[in-house]
Amino acid sequence: MHPSVAIAKAYLKLAPAFPPRYWTAPKAFERSRMEYDDETAGRFLKWFPGVSLSEMSVLDIGSGYGGRTARYRELGARRVVGLEICSRMVEESRAYAEYKALTNVEFHVGEGEHLPFADDTFDVVTSYDVFEHVHELDKVFDECMRVLKPGGRLLAVFKPFYHPGGAHLSAWISRMPWSNFFFGCETLIGAVREIMRERNNGYEPRPMRERDKLWTLNGATIRSIKGMVRTRRFRSVRMDLAPLFSQMNEKWRRCKMQYYAFLFRPLRHIPLLNELFVHRIVLDITK
């Protein structure tokens, strides 16, 4: 084992994490209900105060198990369409919408890079914690613009790659922060594979794609997103960088962030440092 891999492995093992039961053996509608309850609490739409989905046609990219998408319909959207790459998740989403007795809700298997919809179809495109996972973000972004009606809005919220949990290992390998900042991706991959080999618990992440930096991660940073937005024309653009420690962080109370948040808030405005201290990138773009 290369010394750097051994060091990375030791770092990750300081705070081990294991796949939760709802990943490995979920109950019927368990994930759907979790998403639904999350959005009932306003988890996504709270990022966009004043936004109403009433009478809107909505496309939800990366709709997961359909719970959040179903909630959008209950909030008054005229038509809601969910898109997800996993057929099993789409099947459960459809069953959940039927269980909720919702009409004008549909789910499709597909990729954001090739949206199966005509130009100028939707009033709103939503995406929550998904843009960091798509294979080719620039293509997904352009597809979102294509299917939006003139004057339609793209609402997206997602983590930058160098967020403390940006490696997305905290649910199944390690809760140690900034692992992909302290270690190169190849080193980190080697360390994770060593830990998986030792555990031998049968869990395997999704296979890495050609352009992935880590498992299902495209490596999108604040700088790359700004560059992507800068080269395109829109009616209006709002790109907010939410501070790492704020009331928008679900750990606000548990970690007593109110006592130290003010010290870190200015860091979101400092290039390079902001990559490490931004909680979410928030995009609100009007076509």
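Up top is the structure these notes are about.
Residues numbered from 1 in each chain as written. Predicted model: local features only at pLDDT ≥ 70, side-chain atom pairs only at ≥ 80, totals over all residues. Heavy atoms only, no water.

Undergrad: Quick question: what am I supposed to make of the side chain of Arg31 here?
TA: Note that Arg31 resides in helix 3 (residues 30-40). One buried charge, Arg31, has no salt-bridge partner; the nearest side chain with opposite charge is Glu35, at 5.4 Å. Discounting residues that sit within four places of it in the chain, Arg31 has contacts with Tyr22, Trp23, Pro26, Tyr65 and Glu92. (Helix = DSSP H or I, 4+ residues; strand = E, 2+ residues; numbered from the N terminus. Buried < 20%, exposed > 50% of the residue type's maximum accessible area, 1.4 Å probe, protein only. Lys, Arg positive; Asp, Glu negative; His and termini not counted. Salt bridge = Lys/Arg side-chain N within 4 Å of Asp/Glu carboxyl O. Contact = heavy atoms within 4.5 Å.)

Undergrad: It is not clear to me how the packing of helix 3 against helix 4 (residues 67-74) should be interpreted in this structure. Could you clarify?
TA: Each pair of packed helices gets described by two things: the angle between the helix axes and the distance between those axes. Packing of helix 3 against helix 4 leaves a shortest axis separation of 7 Å and a crossing angle of 45°. On the basis of the axis angle, helix 3 is oblique to helix 4. Between helix 3 and helix 4 lies a crossing of right-handed hand. Taking contact as the criterion, the partners of Ser32, Glu35, Tyr36, Asp38, Glu39 and Thr40 in helix 3 are, on helix 4, Gly67, Arg68, Arg71, Tyr72 and Glu74. Of the residues assigned to the contact of helix 3 with helix 4, the class counts are 2 nonpolar, 3 polar and 6 charged. (Axes fitted to C-alpha atoms, helices over the stretch in contact; angles between N-to-C directions. Parallel < 35°, antiparallel > 145°, perpendicular 65-115°, else oblique. Left-handed = near helix turned anticlockwise from the far one by under 90°. Nonpolar A, V, L, I, M, F, W, Y, C, P; charged D, E, K, R; others polar.)

Undergrad: Mind showing me how you'd approach the pattern of salt bridges here?
TA: If charged atoms from side chains of opposite charge come close, those side chains can pair. Evaluation of the coordinates by the stated rule reveals 23 salt bridges. Between Arg211 and Glu136 there is a salt bridge, with the nearest N and O atoms lying 3.1 Å from each other. Of this pair, Arg211 sits in the loop between helix 8 (185-199) and helix 9 (222-230) while Glu136 sits in the loop between strand 4 (122-128) and helix 6 (137-147), and the two are 75 residues apart along the sequence. What makes Glu136 buried here is its relative accessible area of 15%. One salt bridge in this structure joins Glu143 and Arg146, with 2.8 Å as the shortest N-O distance. Of this pair, Glu143 and Arg146 both sit in helix 6, 3 residues apart, which is roughly one turn of the helix. Judged by relative accessible area, Glu143 falls into the buried class, the value being 13%. Judged by relative accessible area, which is 24%, Arg146 ranks as partly exposed.

Nothing here speaks to function; it is all geometry.
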